[in-house]
Amino acid sequence: MKHLLLTCLAALYFVGAAASPAVQSLDGHWEMRQVRGFNFYPATVPGTVHTDLLAAGVIEDPYVGFGERAVQWVDKEDWLYRRFFDVDASLLECSHVDLCLDGLDTYADVSLNGVKVLSADNMFRRWRVGVEGLLKPSGNVLEVLFHSPVKVDMPKWEAYPEHYDPGNDQSFNGGLLDRKISIFARKAGYHYGWDWGPRIVTSGIWRPVRLEGWSAARIEDVYYRQKSVSAKKAQLEVQLDILSDAEIAAASVIISADGLKPQQLKTSLKRGSNRISVPVTIARPRLWWTRELGEPYLYNFTARVLDGGSVLDSRTDRVGIRSIELERSSDAQGCSFRFLLNGVPVFMKGANYIPNDIFLPRVGRSEYERVVGDAAEAGMNMLRVWGGGVYEDDCFYSLCDEAGVLIWQDFMFSCSIYPYEGEFRRSVIAEAADNVRRLRNHPCIALWCGNNECSEMWYGWGVQTGRPFDEVAVAQYRHQYYHDLPAVVDSLCPGVSYTPTSPWSPEDGRNMDPLKADFHYWTPWAQRIPSTTFEEHHSRFYSEYGFQSFAGIETLAQFAPDSCGLDAGSEVIMFHQRGGSVANQRIMNKLADEYTTPSSFSESIYLSQIAQGDIIRRAIESHRRDKPLCWGSLVWQINDCWPVASWSSRDWYGTWKPLHYYMREAFRDVLPSAVVKDGRLEVWLVSDRLQKLSGTLTVKLEDFQGTVYRSESIKVRLAPNGSECIWSLAPEALPKAATDLFVLMEFVDSQGKVYRNHLLLSSVKEARLPAASLRWSVKERPGGFDVSVVSDVFAKGVFLNVSGGMLASDSSGKALPGTCTARNFSDNYFDLLPGESRTVSLDSPLSAAEFSRALRVRCVVKN
C-alpha cells in the first residue's frame, strides 16, 4: 500500500497549472447536445449542462417553486460538448502544447480532432495532456463526452456488498428509490442533496480550459516551504519542479521578492523532471496575521528559470510569511485543541462555509469577494471549508489570504463510508495530492481535516449491519483517514497540521469527548431545551453548532410564486425546507417557548431570524468566556447554495440575517458579556488582544422604560488573551424582578474605543416589554439614504426593510441570481435602548419618494 501511495503521488506530481510562455483560452462559446438527441444548443464554458439548458429555454429555473423536480431527468442522460477553434500562431511555435482542463464534472472522455486524449473520473482533479501532435493551424474540434453519473455508478451500487446509508443523499427525489449512489462518485456530495440543499446532479466543464505551449523548460510547480518563522528571521526552502525537454548545463534559478535581495542558484537540468531547492532567509520579516491581530502582509515572490541569460519560464506567487500549527497537548482536563499563529494562541471566530451555488461556474470573483468580505466584516478570522462541497477556486483562497481569514480545509468526504479500494482509492490519493499541492502556498491554510462526521456516522448513527463486511469497511476507513491522507499532507507540505475527522475521533473508534478535541454541538437544535443550555456546555473547540431560521420575505418572494400560497406548512415552503417538517416545528417550538406566538407567516419569518441571532450570539459569548479552555467557535453556517430555510447567517442572495449582524458584535476583539449562573448575575470581559488591556467597564441595571437602578464603573486591567469575571451581583440584590430588567455593559479602552453589550435578565417571552413607539426620519445622500430611528422605550429587534428594494433585479423585476444581489443596511435588527437614536445607511437606486414609501420599520411585539 505504501508503494501504491508513493507511485500515485509521483505520477501526479507534474499535473498542475503554472506560468507558460504561450496560453490560449478555450473558455467561452461552445455547443452541446444530448447524446441521444440531434439538436445542438449554445453552451458556455465554464458551465454546467443545467445552466446551458436553462439559457436555451429547455428547462425552467430549478430554484423557483418546484422546478427542481422537473430537471431530475438531466443526470440520467449523456451529454456532448464541442468547440471548433484555430490555434494561435504563438502556440504553433512551441515545442510542446498541453491541453489543460482544470475541472471536469465528472465522468468524461476528451477527444481532439477525433482522437481520444483523456478519460476523467474525478470532479476535483486537474488534467493535463500533451497534444502538440494532434493540433492543426485551423479547423480543430475539441469534444468532451459526459457520461451520466447515475448510469456509471448504479452498477457499482448494485455490486457493493453492503449499503451504508450516506446521510443526506436524496435518492428518492431523483427517482432512484433507496439506491444512494453518491459515495461512488468523486463528485461534490451536496449535488445529491443535503438538509439545506436540493438534489441537482450536475455535469459539465466546470473550470477553465486552455492550451499551454512551452519550449525547452517549464516550471511545473513552486513550493515556498516555511521551515522556520519568527519575528527575527524566516527561513524558507523554495522548491521548484521543472520539466525540461533537453539537458541544460548552464541553467540557473533566481528567487526574488519585493524588498529582498534576489537569490540565485546555478545548476544544471537533465531531460525530464528536475527538483531544485533554493534556500531563502528573510531578516525581520513582515509576518502575516489574521485580520484582528495585525496586517495579513503578502510578499510577491517570483521564481525564474534561465538558460544562460535567457528566461525559460517564470512564476509569481503571493506568499504570507507565518507559522501556523494546531496544538494538541494533554492537560488535567483532557487535551488542548488550539491554533498557534506565529507562536501565539488565537481564538478562532468564524463559520462553516458551503459552496455558494449548486451551479458552481456561476460563482465568480464578485461573489467570492462578497462572502469573504462579509466574513471579515463580521469579525471572523476562520472559515471551515466543509467536506461535502468542493475544494474551492483559487480566487477564494487568495481573497482569504488578503483578508487575514484562516481556512480549516476538509478533504471532500462527509457523513458517509466510502468504497476505499482499487481505482477509487487511487483516484482519492490523486485528488488529495493535486489539491494539497495547489493550495499549500496560501498562508490562509491552517489545517487539513480528513472528513466531516464520517466517524460520527459510523459509530453514532446506527449504520453498522453486524455482518462481516463491517470489518472491511472499518479497515478501509482507517486506512483512508489515518494513513493515506495524512501521508499526502506530510509528503507535500510537511509540518502542516492534519486531523482525521471532525468531530475528532481516535483511530480505534468513536470518542466524541468535548474536552479532548473539537466538537459538533447540535443538542440545542435537536432537542426542545432552553437556549441557556449553550452556557452550560463546554468544549475545547466548537467546529459546528447552529439554529435554523426561515429565509427572508424578499427571498421567499423570488422562489415562491404567489399562486403557491405562503405559510410555514405550504408545499412550496416545505419544498425549500430540506430539514423537513421537524425543522419547522423546532423553530416554532423555540418561538413559543422563549419569544411569542407569531400571528402570521411574515411574523414567523421575522421572529425565527431574531431567535436564531439571539441563540447563536449567546453561544458565541459563552465560548469566548470559556477561554482558555475553549479556543474556537465556528457557527454553522455562513452561506446558502440556493434559496432555502437553513442555519445560514446570510441567504443565497447575500442578505444578512440578524445572526450576521449579531456575530459582528460578538466577534469583536474585546467583548463585554453577561451571564446568569445559579441565579447570580456575572459580567465578563474577554480580550483577544496580544497586549494587556486596560480601560473602564461601566455596568448599569435598567428597566425597559429607561430608569437606571444601579450603575458602577470599574477600572480594568486584563491579561493578553484574557477572560475574566469583572462584576457580579447576587439575585437578592436585584432592584426589581428580572422580567423588568436588562443589564447594560460599556467598556472604554485606554484609547477611547467603545464596546457595548446588553442582556435581558429573562427570556423575551417572560420579559414585560412595553409597546414601543418608533419614530424615524430619512436623509438622502449620494448613492443612498441614512435612516435615523428612535424609541421611547426598550425596543427589541428593530428591523428596517425597503419593500422590493433590497435585491438587485433585472428589467422585469426578477432578482439576479447569486450572493452579490442583496443590499444590506449598515446595521439592522438591533435593540434600541429607551430614548436612544441610531442612524443606519443603505445604498439604493430608488428616488427619495420611492424609498420613503417603501421603507418599513418594526420591532418585536408580544402577542
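What counts and how
- Residues numbered from 1 in each chain as written.
- Predicted model: local features only at pLDDT ≥ 70, side-chain atom pairs only at ≥ 80, totals over all residues.
- Heavy atoms only, no water.
- Helix = DSSP H or I, 4+ residues; strand = E, 2+ residues; numbered from the N terminus.
- Buried < 20%, exposed > 50% of the residue type's maximum accessible area, 1.4 Å probe, protein only.
- Areas by Shrake-Rupley, 256 points an atom, 1.4 Å probe, with all protein chains shown as cover.
- Lys, Arg positive; Asp, Glu negative; His and termini not counted.
- Charge placed at Lys NZ, Arg CZ, Asp CG, Glu CD.
- Phe/Tyr/Trp six-rings, centres within 6.5 Å; stacked < 30°, edge-to-face > 60°.
- Lys NZ or Arg CZ within 6 Å of the ring centre and 35° of its normal.
- Salt bridge = Lys/Arg side-chain N within 4 Å of Asp/Glu carboxyl O.
- Polar contact = N/O pair within 3.5 Å; in protein donor to acceptor, adjacent residues only side chain to side chain.
- Contact = heavy atoms within 4.5 Å.
- Disulfide = S-S within 2.5 Å.
- pLDDT = per-residue confidence, 0-100.
- Pairing = 2+ DSSP bridges.
- Axes fitted to C-alpha atoms, helices over the stretch in contact; angles between N-to-C directions.
- 1 Å grid on protein atoms, 1.4 Å probe; cavity = no way out; pocket = protein on both sides within 12 Å on 5 of 7 lines; lining within 4 Å.
- Points joined across faces, edges and corners; volume = space filled by probe spheres on them.
- Nonpolar A, V, L, I, M, F, W, Y, C, P; charged D, E, K, R; others polar.
- Arc of directions from axis to C-beta.
- Left-handed = near helix turned anticlockwise from the far one by under 90°.

**Considerations on the overall build of the protein**
- From N to C terminus, the protein includes 16 helices and 47 strands.
- The C-alpha extent of the protein, read off along each of the three principal axes, is 85 × 65 × 65 Å.
- Within the span of the protein, comprising 863 residues, buried residues form 61% of the whole.
- When the accessible surface of the protein is split by element, carbon and sulfur atoms take 50% of a total near 31,300 Å².
- Computed over 92 positive and 105 negative side-chain charges, the inter-centroid distance for the protein is 4 Å.

**Comments concerning unusual backbone geometry**
- Omega for the peptide link from Val45 to Pro46 comes to 0°, which places this bond in the cis form.
- In this chain, Trp636 is followed by Gln637 through a cis amide linkage whose omega measures 10°.
- Structurally, Gln637 is set in the loop between strand S34 (632-635) and helix H15 (658-666).
- One non-glycine residue, Asn113, lies in the positive phi region at around 50°.
- One can find Asn113 in the loop between strand S7 (108-112) and strand S8 (115-120).
- In this structure, Leu177 takes a positive phi of about 55° despite not being glycine.
- With respect to the helices and strands, the residue Leu177 is situated in the loop between helix H4 (149-159) and strand S11 (192-194).

**Considering the packing of aromatic side chains**
- Considering all chains together, one arrives at 52 aromatic pairs under this definition.
- Members of the aromatic cluster, each reached through a chain of ring pairs, are Phe413, Tyr418, Phe424, Tyr477, Tyr481 and Tyr482.
- Stacked on the ring of Phe575, the Lys or Arg Arg578 has its end atom at 4.8 Å from the ring centre.

**Some details on the pattern of salt bridges**
- Summed over all chains, the structure comprises 61 salt bridges.
- The partner of Glu162 in a salt bridge is Arg467, and the shortest N-O contact between them spans 2.7 Å. Here Glu162, found in the loop between H4 and S11, pairs with Arg467, found in the loop between helix H8 (454-460) and helix H9 (469-492); they are 305 residues apart in sequence, far enough to count as distant.
- The class of Glu162 is buried, set by a relative accessible area of 9%.
- The partner of Lys796 in a salt bridge is Asp614, with the nearest N and O atoms 3.0 Å apart. Highlighted residues: Lys796 in strand S44 (residues 795-802) and Asp614 in helix H14 (residues 601-625), separated in sequence by 182 residues.
- On the accessibility criterion, Lys796 (5% relative accessible area) is buried.
- Through salt bridges with shared partners, a single ionic network connects Glu377, Arg664, Glu746, Arg756, Asp827, Glu836 and Arg838.

**Here we look at the side chain of Gln548**
- Along the chain, the position of Gln548 falls in the loop between strand S33 (541-544) and helix H11 (553-559).
- By relative accessible area, which is 0% here, Gln548 ends up buried.
- Polar contacts involving the side chain of Gln548 include one to the side chain of Gln577, which spans 2.8 Å.
- Beyond its immediate chain neighbours, meaning those up to four positions away, Gln548 contacts Asp195, Trp525, Gln577, Gly579, Ala583, Ile587, Ser608, Gln612, Ala645, Ser646 and Trp647.

**Quick word on the state of the cysteines**
- By the definition in use, this model includes zero disulfides.
- Of the cysteine sulfurs around Cys454, a residue in no disulfide, the closest is that of Cys415, at 6.6 Å.
- Owing to a relative accessible area of 0%, Cys454 belongs among the buried residues under this scheme.
- This cysteine, Cys725, is not joined by any disulfide, and Cys630 carries the nearest cysteine sulfur, 18 Å off.
- Residue class for Cys725 comes out partly exposed when judged on its relative accessible area of 30%.

**Things to note about the confidence of the model for the protein**
- Of the residues in the protein, 95% have a pLDDT of 70 or more, and the chain-wide mean is 93.
- Low pLDDT (under 50) marks residues 1-20, which in the prediction has 59 contacts with non-local residues, meaning those over four places away or in another chain.

**Focus on the sheet that holds strand S45 (residues 830-832)**
- With antiparallel pairing, the three strands of this open sheet are ordered in space as S45-S44-S47. Each end of this open sheet is capped by a strand with a single partner; those strands are S45 and strand S47 (855-858). Across the sheet, the mean angle separating the axes of adjacent strands is 35° when strand polarity is ignored.
- Pairing between S44 and S47: four bridges, direction antiparallel. Paired with Asn801 across the strands is Arg856, a residue of S47.
- Packing of H14 onto the sheet brings it into contact with S44 and S47, and relative to S44 it is tilted by some 125°.

**Points about empty space enclosed by the protein**
- Enumeration according to the criterion identifies five cavities of 30 Å³ or more in this entry.
- Of the voids in this model, the largest cavity is the one considered here, and its volume is about 150 Å³.
- Along its surface, the largest cavity is lined by 21 residues, and Ser182, Gly189, Trp194, Ser414 and Tyr418 are the ones closest to its centre.
- Among the residues making up the lining of the largest cavity, the classes are represented as eight nonpolar, ten polar and three charged.

**Notes on H4**
- Along H4, the positions that sit buried rather than exposed are Pro149, Val150, Asp153, Met154 and Trp157. Considered in projection along H4, the buried side chains sweep an arc of 120° and stay on one side of the axis. In H4, those exposed residues whose orientation departs by more than 90 degrees from the buried face are Glu158 and Ala159.
- Looking at the buried side of H4, the elements it contacts are S11 and strand S12 (197-199).
- The N-cap of H4, judged by a side-chain oxygen 3.2 Å from the amide nitrogen of Val150 a few residues on, is Ser148.

**A short note on the packing of helix H5 (residues 365-377) against helix H6 (residues 394-403)**
- As a packed pair, H5 and H6 sit with axes 10 Å apart at the nearest point and diverge in direction by 35°. For the crossing formed where H5 meets H6, the hand is right-handed. Facing Arg365, Tyr368, Glu369, Val372 and Ala376 of H5, the residues of H6 in contact are Cys395, Phe396, Leu399, Cys400, Glu402 and Ala403.
- Residues belonging to the contact of H5 with H6 are distributed by class as follows: eight nonpolar, no polar and three charged.

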